[in-house]
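Chain by chain, the residues run as shown.
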Amino acid sequence: MELESGSTNRQSRLKLYKSTLILAYQSFGVVYGDLSTSPIYVYTSTFSGRLRLHEDDDEILGVLSLVFWTLTLIPLCKYIVFVLGADDNGEGGTFALYSLLCRRAKLGLLHPSHSTDDDISSQDSCLSIKETRASSLLKEFFDKHHSSRVVLLLIVILGTSMVIADGILTPSMSVLSAVYGIKTKAGGLHDSYAVLITCLILVGLFALQHIGTHRVGFLFAPIILLWLLSISGVGIYNIIQWNPRVVSALSPYYVYKLFKLTGKDGWTSLGGIVLCITGAEAMFADLGHFSQLSIRIAFTAIIYPSLILAYMGEAAYLSKHKEDLQRSFYRAIPEVVFWPVFIIATLATVVASQAIISATFSIISQCWALKCFPRVKIIHTSNQMHGQIYIPEVNWMLMVFCLLVVIGFRDTDMIANAYVYLFVPGLTVIIVMFVTTCLMFLVIVMVWKRNILAAFIFVTVFGFVELLYLSSCLAKVAKGGWIPLIFSLIVLSVMYIWHYGTLQKQSFESHNRTSLDMLLSLGPSVGINRVRGIGLIYTNVLSGIPPMFSHFVTSFPAFHQVLIFVTFQFLTTPRVSANQRFIVSRIGPAEFRLYRCIVRFGYKDARKDSYAFETDLIETVRVFLQHESDDGDARDSVSEMPVNQHESDRLRDDVSMRVENGSGAGLTRCKRVRFCGVDNSKELEDLEDAREAGLAYMMGNTCVLARETSSFVKKFAINIVYGFLRRNCRSPSTALGVPHTSLIEVGMAYRV
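Residues numbered from 1 in each chain as written. Predicted model: local features only at pLDDT ≥ 70, side-chain atom pairs only at ≥ 80, totals over all residues. Heavy atoms only, no water.

### Quick notes on the pattern of salt bridges
Think of it this way: side chains of opposite charge can pair up when their charged atoms draw near.
No. 1: By the definition in use, this model includes 12 salt bridges.
No. 2: For the salt bridge of D143 with K139, the shortest nitrogen-to-oxygen distance reads 3.4 Å. Linking D143 with K139, this pair stays in helix α7 (residues 133–144), spanning four residues, or about one helical turn.
No. 3: A salt bridge links D689 to R532, with the nearest nitrogen and oxygen atoms 3.0 Å apart. Highlighted residues: D689 in helix α28 (residues 680–693) and R532 in strand β3 (residues 529–538), separated in sequence by 157 residues.
No. 4: Using a relative accessible area of 54% as the deciding quantity, one classes R532 as exposed. (Salt bridge = Lys/Arg side-chain N within 4 Å of Asp/Glu carboxyl O. Helix = DSSP H or I, 4+ residues; strand = E, 2+ residues; numbered from the N terminus. Buried < 20%, exposed > 50% of the residue type's maximum accessible area, 1.4 Å probe, protein only.)

Put into structure tokens, the structure is as follows:
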């Protein structure tokens, strides 16, 4: 038996190692494209400004030292060591950190709205961490000052909007720089042809996204691996051939010497240095597509050493060929291997866009689930990794905006100075990194419950470096840095207005819901009739009768013999297990045949089609009624009970299964209430009869308007912007997969 157990453990470990290595391989083609292609333009961009006046060996070695320590501090120390450990059940990115704070530290405006969500939150950690004085004080501050929660949400949306803006700019700049590289050997290529070739490549890149992250990763990974092998090999050759002394530049003394010699000119050059870490945030944002271990293995074993060798080799070449500072990368390639490396470089630069595209999909998915983005269609492209998704609307919108950016720069000197303007994506990247650093301070204190001194050290070290780079990038806003800021401001406004309008709508429905007694009192006066079938009433309220249904009944006094009020909850946890998906409860006495079902989804859960969902839902209600029948002669029934399809299958096989004191398979919390004279067999018959008669879906088609007394800003945000977004995004019925032939829409106007 011990031999068999040891063999099983060995096989499971081998399987884990194999899957981790496969994910690490895929990550090269998805996560690291942008980061690994930065040597193409870092030195050129850095020496394109006033630093071109300082071309001595000490300045070149100082820039190399800056690049080395920037790569070591930000991607390696900050992200690989610390930030990847702050994942939200395997998910990464700015919104995942916010979700973690909302759920574990009870911060923010998006904390769960139903008490049963605590059951899910409590499973995030196997051990409870004792509250510290610092975490208690911070929590008290956020509880006391509501505006601080609003500011926190705005900071998170700012970081998210910067990533989305980067998803527009990085593909444009990367592909354009690759095409422009052709002109080093084909100087006669007209700018119009460069624009045309760039547009064609972008269309092809976005057309590939529908095949899924894993296939894109397998397709692109060999290109990046060949690229890394090429630049590290060229780097080693240049170090040996031109200047082995560049190894001494790994000392931070050369950073001090650079700023001492160049002064303000050295500070302005930081806008070029920051390009060496563009793509580092993608390691965290794309975490849901892969795993912590796979990303750490890929970076520390391959990416980091390859980049260091490439930068050292280029610096060694420049120390002996200062006349090539403005086109150093391609000049540093030995003539014998120039064309193979050039072709690989062009392909790798195109692949570099994939990291930010995948990160944009992940972040928008999180924003949509947390009511901060209009409804979109999310396609899960992998059965093994639920974080691998594709969003068609976002994909094609990104493509259109990328094409507009490329075409829009046609009338400027962008193409003639492509490398100079590549700091533009760097501005968005450094802002996102600083937002992540700020959120990590709260995570360290309030989630990890560590000493506040450790959090201050984290923010001081990494925040100082990022603010230094940010100040340099902001100084160039007038030269092109306004482009990402405008994009980010537009995205931020859309996200916040959608979030605000959605909360206003839900607040109206919660305050105007009707009690069951009031609805039933209308029965004799309006002559309500019951018709055969099951009615699924989709609503946002968790108690009482939604105003939409009350409006329908008073206008058309009839409804189905079995009514199930369905409320979807998209929680701030990535996934909800199957045994916690449904929470069923009864509304009123048994003879009313009214039920409520709360359906809970995490922001990374895949949605089933309408037929599979309604089958599971009705089966859940049947299991709920069967539990009541099996619960003894006392006629106690479970009024709120999570059940799932697996448990219903077990129940059919073992009808004697009993539930005592809220324990049992698949049950997380139960509450007993007494219904005298409940005839569950009759209810089960009615449910089956209604099921055979057919299902109908009822949803509200609401128009949200600002009150006449509201301010101009609120009227503009609600009536114009939110109204436009609501009319042009996917309708709720389409997003939920409700069949159009079975849908009843009730029109209402809400004044908020």
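### Regarding the confidence of the model for the protein
No. 1: Taken as a whole, the protein shows an average pLDDT of 78; of its residues, 80% reach a score of 70 or greater.
No. 2: Contacts from residues 110–119, a stretch scored under 50 in pLDDT, to residues over four places away or in other chains number 30 contacts.
No. 3: A low-confidence stretch, residues 632–678 stays under pLDDT 50, and its non-local contacts, those more than four residues away or across chains, total 108 contacts. (pLDDT = per-residue confidence, 0-100. Contact = heavy atoms within 4.5 Å.)

### Some details on unusual backbone geometry
No. 1: Positive phi values are uncommon outside glycine, yet K449 reaches one of about 60°.
No. 2: When its relative accessible area of 13% is taken as the criterion, K449 is described as buried.

### Here we look at the packing of helix α4 (residues 57–82) against helix α21 (residues 452–474)
No. 1: Here α4 crosses α21 at 135°, and the two axes come no closer than 12 Å. By the angle between their directions, the pair α4 and α21 is classed as oblique. Note on packing geometry: the crossing formed by α4 with α21 is left-handed. Of the residues in α21, those touching α4 at L66, T70, L73, I74, C77, K78 and F82 are F458, F462, V465, E466 and Y469.
No. 2: A per-class count over the contact of α4 with α21 returns nine nonpolar, one polar and two charged. (Axes fitted to C-alpha atoms, helices over the stretch in contact; angles between N-to-C directions. Parallel < 35°, antiparallel > 145°, perpendicular 65-115°, else oblique. Left-handed = near helix turned anticlockwise from the far one by under 90°. Nonpolar A, V, L, I, M, F, W, Y, C, P; charged D, E, K, R; others polar.)

### Re the side chain of S135
No. 1: By the secondary structure assignment, S135 is in helix α7.
No. 2: We classify S135 as buried; its relative accessible area is 0%.
No. 3: Within the structure, the side chain of S135 is placed 3.0 Å from the side chain of E131, a separation counted as a polar contact.
No. 4: Sequence-distant contacts of S135, defined by excluding residues within four places in its chain, comprise V445, M446 and K449. (Polar contact = N/O pair within 3.5 Å; in protein donor to acceptor, adjacent residues only side chain to side chain.)

### Concerning the environment of S365
No. 1: Assignment of secondary structure puts S365 in helix α18 (residues 353–369).
No. 2: Owing to a relative accessible area of 1%, S365 belongs among the buried residues under this scheme.

### Quick look at the pairing of strand β10 (residues 695–705)
No. 1: Bridge count for β3 against β10 is four bridges, and the pairing is parallel. Paired with L536 across the strands is Y697, a residue of β10.
No. 2: Pairing geometry for β10 and strand β11 (residues 743–751), over nine bridges, is parallel. Bridge pairing in β11 places N701 opposite G747. (Pairing = 2+ DSSP bridges.)

### A short note on the environment of V341
No. 1: Inspection of the secondary structure assignment puts V341 in helix α17 (residues 338–351).
No. 2: Residues V341 and S230 lie 111 residues apart in sequence; the distance between their C-alpha atoms is 6.6 Å.
No. 3: Residues in contact with V341, not counting those within four places in the same chain, are W227, S230 and I333.

### Thoughts on helix α19 (residues 392–408)
No. 1: With 17 residues, α19 should cover 24 Å at 1.5 Å per step; its first-to-last C-alpha distance of 24 Å lies within 8% of that length.
No. 2: Restricting attention to buried positions, one finds in α19 the residues P392, V394, N395, L398, M399, C402, L403, V405 and V406. Along α19, the residues classed as buried sweep out an arc of 170° about the axis, all on the same side. (Expected span 1.5 Å × (residues − 1). Arc of directions from axis to C-beta.)

### Observations regarding the packing of aromatic side chains
No. 1: Counted according to the given criterion, the structure contains 34 aromatic pairs.
No. 2: Between Y330 and F338 the ring centres are 6.3 Å apart and the planes differ by 65°, which places this aromatic pair in the edge-to-face class. Across the pair, exposure class does not vary: Y330 and F338 are buried alike.
No. 3: Ring plane angle 35° and centroid distance 6.3 Å describe the contact between F582 and F613, whose orientation is recorded as tilted. (Phe/Tyr/Trp six-rings, centres within 6.5 Å; stacked < 30°, edge-to-face > 60°.)

### Remarks on the environment of N243
No. 1: Relative to the helices and strands, N243 is located in the loop between α10 (213–242) and α11 (253–262).
No. 2: N243 sits 70 residues away from G313 along the chain, and the two C-alpha atoms are 8.4 Å apart.
No. 3: Contacts of N243, omitting those with residues within four sequence positions, involve N238, A316, S319 and K320.

### Let's talk about a nonpolar patch on the surface
No. 1: Side chains of Y193, L196, I197 and L200 sit close together on the surface and give an oily, nonpolar patch of about 410 Å² of accessible area.
No. 2: Along the polypeptide, I197 turns up in helix α9 (residues 191–207).
No. 3: Residue class for I197 comes out partly exposed when judged on its relative accessible area of 30%. (Patch = residues over 30% accessible without salt bridge, like charges linked within 9 Å, V, L, I, M, F, W, Y side chains within 5 Å. Areas by Shrake-Rupley, 256 points an atom, 1.4 Å probe, with all protein chains shown as cover.)

### What to know about the side chain of S148
No. 1: Looking at the secondary structure, you find S148 in helix α8 (residues 146–181).
No. 2: Under the relative-accessibility criterion, S148 is labelled buried at 11%.
No. 3: A distance of 2.4 Å separates a polar atom in the side chain of S148 from the backbone oxygen of H145.
No. 4: Ignoring any residue separated from it by four or fewer positions in sequence, one finds S148 in contact with F141 and F142.

### Structural notes on the packing of α10 against helix α15 (residues 292–320)
No. 1: Following both chains from N to C, one finds α10 and α15 inclined at 40°, their axes separated by 7 Å at the closest point. On the basis of their axis angle, the class for α10 and α15 is oblique. With respect to the hand of their crossing, α10 and α15 are arranged in left-handed fashion. Counted together, L225, L228, I231, S232, G235, I236, N238, I239 and W242 of α10 and I302, I303, S306, L307, L309, A310, M312, G313, A316, Y317 and K320 of α15 form the full contact between these two elements.
No. 2: Classifying every residue of the contact of α10 with α15 by side-chain character gives 14 nonpolar, five polar and one charged.

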